[in-house]
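Residues per chain are reported as follows:
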Amino acid sequence: QVQLVESGGGLVQPGESLRLSCAALGNIVSSEEMSWYRQAPGEERELVATVTKGGTTNYADSVKGRFTISMDNAEHTVDLQMNNLKPEDTAVYYCFADLFVKLPFGYYTYWGQGTQVTVSS
């Protein structure tokens, strides 16, 4: 079985920073692509940032220049460095991974349990 374990959420003031981390645990061969999504109350879940095993990154317009996503394919981890946080960044943040795993053999996608980020003065 594979699971994603997230950490790093919390309460910060506007302008401050947080770093989210997500570790994929289990019989993993490789991390093909890993992403962070977020969902604010009453809103749909939206893509925040994606990184491929080749290092290509993609960001939502609302976080470009403030957030940085990085992946360690050897450790199957993905981090999201969030700087200059704004109240509108408040949401539950979810890790998403597209992995090549051993048991059962093949490509599968997984979600983390979510971690709360609150930006408020």
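Scroll up for the structure.
Described in the following lines is the structure provided in the data block. All values derive from a computational prediction rather than experimental measurement. (Residues numbered from 1 in each chain as written. Predicted model: local features only at pLDDT ≥ 70, side-chain atom pairs only at ≥ 80, totals over all residues. Heavy atoms only, no water.)

## Some remarks on the nonpolar core
Soluble, globular proteins show a tendency: their nonpolar side chains are buried together. Definition in use: Among buried residues, those of type Ala, Val, Leu, Ile, Met, Phe, Trp, Tyr and Cys that are joined through side-chain atoms within 4.5 Å constitute a nonpolar core. Summary of the burial criterion: residues with accessible area below 20% of their type's maximum are buried, those above 50% are exposed, and those between are partly exposed, where the area comes from a 1.4 Å probe applied to protein chains only. Only DSSP runs of H or I covering at least 4 residues are called helices, and only runs of E covering at least 2 are called strands; the numbering of each starts at the N terminus.
Of all hydrophobic cores here, the largest spans 31 residues; its most connected members are W36, L80, M82 and Y93. Mapped onto this core, the elements with two or more residues apiece are β3 (18–25), β4 (28–39), β5 (46–52), β7 (67–72), β8 (77–82), β9 (91–101) and β11 (115–119). For this core, the element with the most residues is β9, which contributes six residues.

## Points about the sheet that holds β3
Put simply, the rule reads: Two strands make a pair as long as DSSP finds a minimum of two bridges between them. Every axis corresponds to a line fitted to the C-alpha atoms, with the helix fit spanning only the stretch in contact, and the corresponding angles, defined between N-to-C directions, vary from 0 to 180 degrees.
Read across the sheet, four strands follow the order β1-β3-β8-β7 without closing on themselves; strand pairing throughout is antiparallel. Every interior strand has two partners, whereas the edge strands, β1 (3–7) and β7, have only one. Sheet twist, expressed as the mean angle between neighbouring strand axes with direction ignored, is 15 degrees. Bridging between β3 and β8 involves six bridges; their strand directions are antiparallel. What sits directly across from R19, in β8, is Q81.

## Details of the packing of aromatic side chains
Quick note on the threshold: Aromatic rings from Phe, Tyr and Trp, with only the six-membered ring used for Trp, were paired whenever their centres fell within 6.5 Å, and each pair was classed as stacked if the ring planes differed by under 30 degrees, edge-to-face if by over 60, and tilted otherwise. By definition, being over a ring means that NZ of Lys or CZ of Arg is both within 6 Å of the ring centre and within 35 degrees of the ring normal.
Under the criterion given, the structure shown has six aromatic pairs. Seen in terms of ring centroids, Y37 and F96 are 5.9 Å apart; in terms of plane orientation they differ by 70 degrees. Their pairing is edge-to-face. Of this pair, Y37 sits in strand β4 while F96 sits in strand β9, placing them 59 residues apart in sequence. Residue classification places F96 among the buried positions, given a relative accessible area of 15%. Aromatic pair F100 and Y107: ring centres 4.5 Å apart, planes at 25 degrees, arrangement stacked. Using a relative accessible area of 16% as the deciding quantity, one classes F100 as buried. For Y107, a relative accessible area of 54% translates into the label exposed. Seen from the ring of Y94, R45 lies directly overhead, with NZ or CZ sitting 3.7 Å from the centre. Between R45 and the ring centre of W111, over which it is positioned, the NZ or CZ distance is 4.7 Å.

## Description of the pattern of salt bridges
Side-chain pairs of opposite charge can arise whenever the charged atoms involved come near each other. Keep this limit in mind: Salt bridge, as applied in this entry: a Lys or Arg side-chain nitrogen positioned within 4 Å of an Asp or Glu carboxyl oxygen.
Applying the stated criterion across every chain yields a total of six salt bridges. D89 is paired through a salt bridge with R38; the nearest N and O atoms lie 2.9 Å apart. Here the residue D89 occupies a position in the loop between β8 and β9, and R38 occupies one in strand β4, the gap between them amounting to 51 residues. The shortest N-O distance in the salt bridge between D89 and R66 comes to 2.8 Å. Taken as a pair, D89 in the loop between β8 and β9 and R66 in the loop between β6 (57–59) and β7 lie far apart in primary sequence, 23 residues in all.

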